[in-house]
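Residues per chain, in single letters:
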Amino acid sequence: MSKRLVDQLLPMEAHIEWRTLADEIAAHDIRYHQKDAPSISDAAYDALRQRYDALLAAFPELQKEATTIARVGAKPSEKFSKVRHAVPMLSLANTFSDEEVGEFVDRVRRFLDWPDSQELAFTAEPKIDGLSCSIRYENGVMKVAATRGDGEEGEDVTANVRTIRSIPHQLQGHAPDVIEIRGEVYMATEDFLALNARQEAEGKPPFANPRNAAAGSLRQLDPNITASRPLKFFAYAWGQIEGPMPSDTQSGMVLAFAAMGLPTNALTRRCASLSDMIAHYRLIEENRPTLGYDIDGVVYKVDDLALQQRLGFIARSPRWATARKFPAEQARTLLLGIDIQVGRTGALTPVAKLHPVTVGGVVVSNATLHNEDEIARKDVRIGDTVIVQRAGDVIPQIVSAVVEKRPADAKPYVFPHLCPACGSHAVRETDPKTGEPEAVRRCTAGLICPAQATERLKHFASRNAFDIEGLGDKQIEGFYADGLITRPRDIFTLEERDAHSLKKLKDREGFGALSVKKLFDAISERKSVTLNRFIFALGIRHVGETTAKQLARHFGSIERLREVAVKASEDGEAAKAELTDIDGIGPIVAGSIVDFFGETHNLEELDALMTHVTPEPLQAVAAASPVSGKTVVFTGSLERMTREEAKAMAERLGAKVSGSVSKKTDLVVAGPGAGSKLEDARKHGVEVITEDEWFERVGK
Ligand code: IVH
């Protein structure tokens, strides 16, 4: 950033710098206040604020623009207590065209083996651009309301939800004994404009869009403030229900919600065919400007709840639903530079630094350029005017450069071949399958590269991994720089080393006796973590939270996973098959698991970690299921369910599904035409049952 004195700047330069600063400060505010993970020191933050204020003082005309950008210095969102959702709150997969909706319908039909000639109904309804909320009623009385949070645990906003006038404190008619109503809290356009006018009149910063206004209003520690903000609600889904189900269809459930006195969306329709689904999308799209509230697409859901049950989930979204998003919004701006970030696996990612611009109501100053080929293909050059696109909550992208506006001296971008963090060679490996170079260029230095090492440590301590409070990105960077923590194991010896050290942690900048004690306590607390968190924390490529959970469920211990992966790395085909047999684990993910455990330094780190940490096995998915913990093989042709469905069902019931029969197999479900697997079962003395017997056994 320019260090020139404010009064030496041209108005245009001041403008650019000021908007960039506003964006940067807003991002730091969020990290600091909402995520508790500041990435810069207080002093550095103060310097940004001082520069911001100095620019504003020298160029008062910027003041009027302060109203159109993100809120700077947002009020701290203080701590709410946490609520664990009885049933996780999921997200939706996205589709972007009529064709993709058709493919979604085809996938559902295929999974269910539903003949083309037979009607399969879906509901279609607007996708509300607000924030989701789960409201629990017991015996018809509102008990707890929570935000989505990470899907498993949200923030307790009961007192605030009680102030939303359209949400009943007591349900009408026959409500189930327990029902968690899920839906969207939003702010109507008109109310949003009035609120912003009020904010301005009071000299307060306005909100960027209705969604931010709704979120900011709901996540207030003082319910009186929430009460003064006009929030509304649409009910469209549910979590736990105890007692009789109000209906056996999605559309029936929404009608039942309305009968209970809950607000529901009038544009919810039951569609009997794909063409009805598309027609309803068009209708909603046409009416979008006059609805009076923001929507960002249409949601389709299988209407029959028994079919929803059969379809189940993949990862964090239901197989029975999808969102059809409206086309992305675009804007033009200047490409000021290209930053190369180094991730935890060494991937060099180009990030476009933009002159801040509002796209679809949000100020954008960074956008992804994906990789080196993408920059070359689009021939995007620093100094170019570029088209930026943003859809929903996805990372903004650069669509193209506006060639007519290219400065004469703009040169094609040359992607660095050296890692910007450590100077080592960065290479594109050859994809063994295609023989082509991989899209991503990676630093070859592994953990010797400080960027990779710190990114891996950050990942290790992060919220969904070890979740060590007080060990955020900023602290890790500081500890790494001083050599105090360079590997995960060092975290667990920090306290002991500090006890013997002359340079105490409590004397470090930004620390004190209390915060050091808190940090040590937080570390101690994590000497036992769930196995899935432990696996996720290892940072194995392609192993996200969902895969980590599947691995934890399947193997039950880190030792078992390690044993199989090490065996597979020594070219054990059967061991590799045990990995790829797990639902959702394909050859690529299996390959990176095998690679990880094939590296001696990883095994060494694992051994060291295990002397400090005890991973706890996950509880079985459905402990009461007669097949939980069993290894099942399906063979022959199945008549009542598709193979994919059989696998998903067995896994939902806590069983492991394998593709081959061995002495470890507990059960073979054989349909007509079963061949060699049946023989293998006889050979190993494994129990064989029919498909009908399977359904009897699992009580379906
Ligand atoms: S259904 C299990 N219906 O979109 C599926 N979601 O991208 C639960 N959303 O987190 C979601 N309008 O906050 C559903 N009519 C609608 C919706 C809707 C908005 C939000 C919701 C969800 C997100 C997923």
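This text goes with the structure placed above it.
Here is what the cut-offs are and how they apply
- Residues numbered from 1 in each chain as written.
- Predicted model: local features only at pLDDT ≥ 70, side-chain atom pairs only at ≥ 80, totals over all residues.
- Heavy atoms only, no water.
- Near = heavy atom within 4 Å.
- Polar contact = N/O pair within 3.5 Å; in protein donor to acceptor, adjacent residues only side chain to side chain.
- Helix = DSSP H or I, 4+ residues; strand = E, 2+ residues; numbered from the N terminus.
- Nonpolar A, V, L, I, M, F, W, Y, C, P; charged D, E, K, R; others polar.
- Salt bridge = Lys/Arg side-chain N within 4 Å of Asp/Glu carboxyl O.
- Phe/Tyr/Trp six-rings, centres within 6.5 Å; stacked < 30°, edge-to-face > 60°.
- Buried < 20%, exposed > 50% of the residue type's maximum accessible area, 1.4 Å probe, protein only.
- Lys NZ or Arg CZ within 6 Å of the ring centre and 35° of its normal.
- Contact = heavy atoms within 4.5 Å.
- Disulfide = S-S within 2.5 Å.
- Pairing = 2+ DSSP bridges.

To continue, consider the site of the ligand. Taken together, 14 residues sit near the ligand, with Glu125, Ile128, Glu184, Tyr236 and Lys301 positioned nearest. The contact in question runs from a nitrogen atom of the ligand to an N or O atom on the side chain of glutamate 125, over 2.7 Å. Between isoleucine 128 and the ligand, the recorded distance is 3.0 Å, taken from a backbone N or O atom to a nitrogen atom. Only β3 (122–128) and β10 (295–302) provide two or more residues apiece to the shell around the ligand. For the shell around the ligand, the element with the most residues is β3, which contributes four residues. By residue class, the composition of the shell around the ligand is eight nonpolar, two polar and four charged.

Below, the discussion takes up the pattern of salt bridges. All chains considered together, the criterion is met by 42 salt bridges. For arginine 211, the salt bridge goes to aspartate 129, with nearest N and O atoms at 3.8 Å. Of this pair, arginine 211 sits in helix α7 (residues 210–218) while aspartate 129 sits in the loop between β3 and β4 (131–138), and the two are 82 residues apart along the sequence. Within this structure, Arg84, Glu152, Glu153 and Lys549 form a network of salt bridges that share partners.

Below, the discussion takes up the packing of aromatic side chains. For the coordinates displayed, the defined rule picks out 16 aromatic pairs. When the ring of phenylalanine 234 is compared with that of tyrosine 293, the centres are 5.3 Å apart and the planes differ by 65°; the resulting orientation is edge-to-face. Taken together, the positions of phenylalanine 234 in strand β8 (residues 232–242) and tyrosine 293 in the loop between α10 (274–287) and β10 put the pair 59 residues apart, joining distant regions of the chain. With a centroid separation of 5.2 Å and an interplanar angle of 75°, the aromatic rings of phenylalanine 596 and phenylalanine 597 are classed as edge-to-face. Taken as a pair, phenylalanine 596 and phenylalanine 597 share a single burial class, namely buried. Ring pairs connect the aromatic residues Phe460, Phe466, Phe492 and Phe534, which therefore count as one cluster. Over the ring of tyrosine 281 we find arginine 324, and its NZ or CZ is 3.8 Å from the ring centre. Sitting above the plane of the phenylalanine 695 ring, arginine 640 keeps its charged end 3.9 Å from the centroid.

Let us look at helix α23 (residues 643–652). Within the sequence span of α23, burial applies to Glu645, Ala646, Ala648, Met649, Ala650 and Glu651. Looking at the packing, one finds that the buried side of α23 touches α4 (98–112), α11 (305–311), β23 (631–635), β24 (656–657) and α25 (691–698). Directly after α23, the chain includes glycine 654, whose backbone phi takes a positive value near 90°.

A few words on the state of the cysteines. Chemically, a disulfide is nothing more than a covalent bond linking the sulfur atoms of two cysteines. For the structure on display, the rule yields zero disulfides. No disulfide involves cysteine 422; its nearest neighbouring cysteine sulfur is the one of cysteine 443, lying 3.7 Å away. Residue cysteine 422 is classed as partly exposed on the basis of its relative accessible area, which comes to 29%. Lacking any disulfide linkage, cysteine 449 is separated from the closest cysteine sulfur, that of cysteine 422, by 3.8 Å.

Where a strand is regular, its side chains alternate between the two sheet faces. Relative to strand β17 (residues 385–390), strand β14 (residues 329–342) runs antiparallel, the two sharing six bridges. The residue bridging threonine 333 from the neighbouring strand is valine 386, located in β17. Here β14 runs beside strand β15 (residues 348–359); their pairing, made up of seven bridges, is antiparallel. Across the sheet, the residue bridging to glycine 337 is lysine 353, located in β15. Taken together, β14 and the strand that follows it, β15, pair antiparallel across an intervening segment of five residues, in which glycine 346 is found at a positive phi of about 90°.

Let's shift gears to unusual backbone geometry. In this structure, aspartate 113 is a non-glycine residue whose phi angle is positive, near 55°. Residue position: aspartate 113 is located in the loop between α4 and β3. Given a relative accessible area of 58%, aspartate 113 falls into the exposed group. The backbone of aspartate 379 sits at a positive phi, close to 45°, despite the residue not being glycine. Mapped onto the fold, aspartate 379 is located in the loop between α12 (372–378) and β17. With relative accessibility at 26%, the residue aspartate 379 sits in the partly exposed group.

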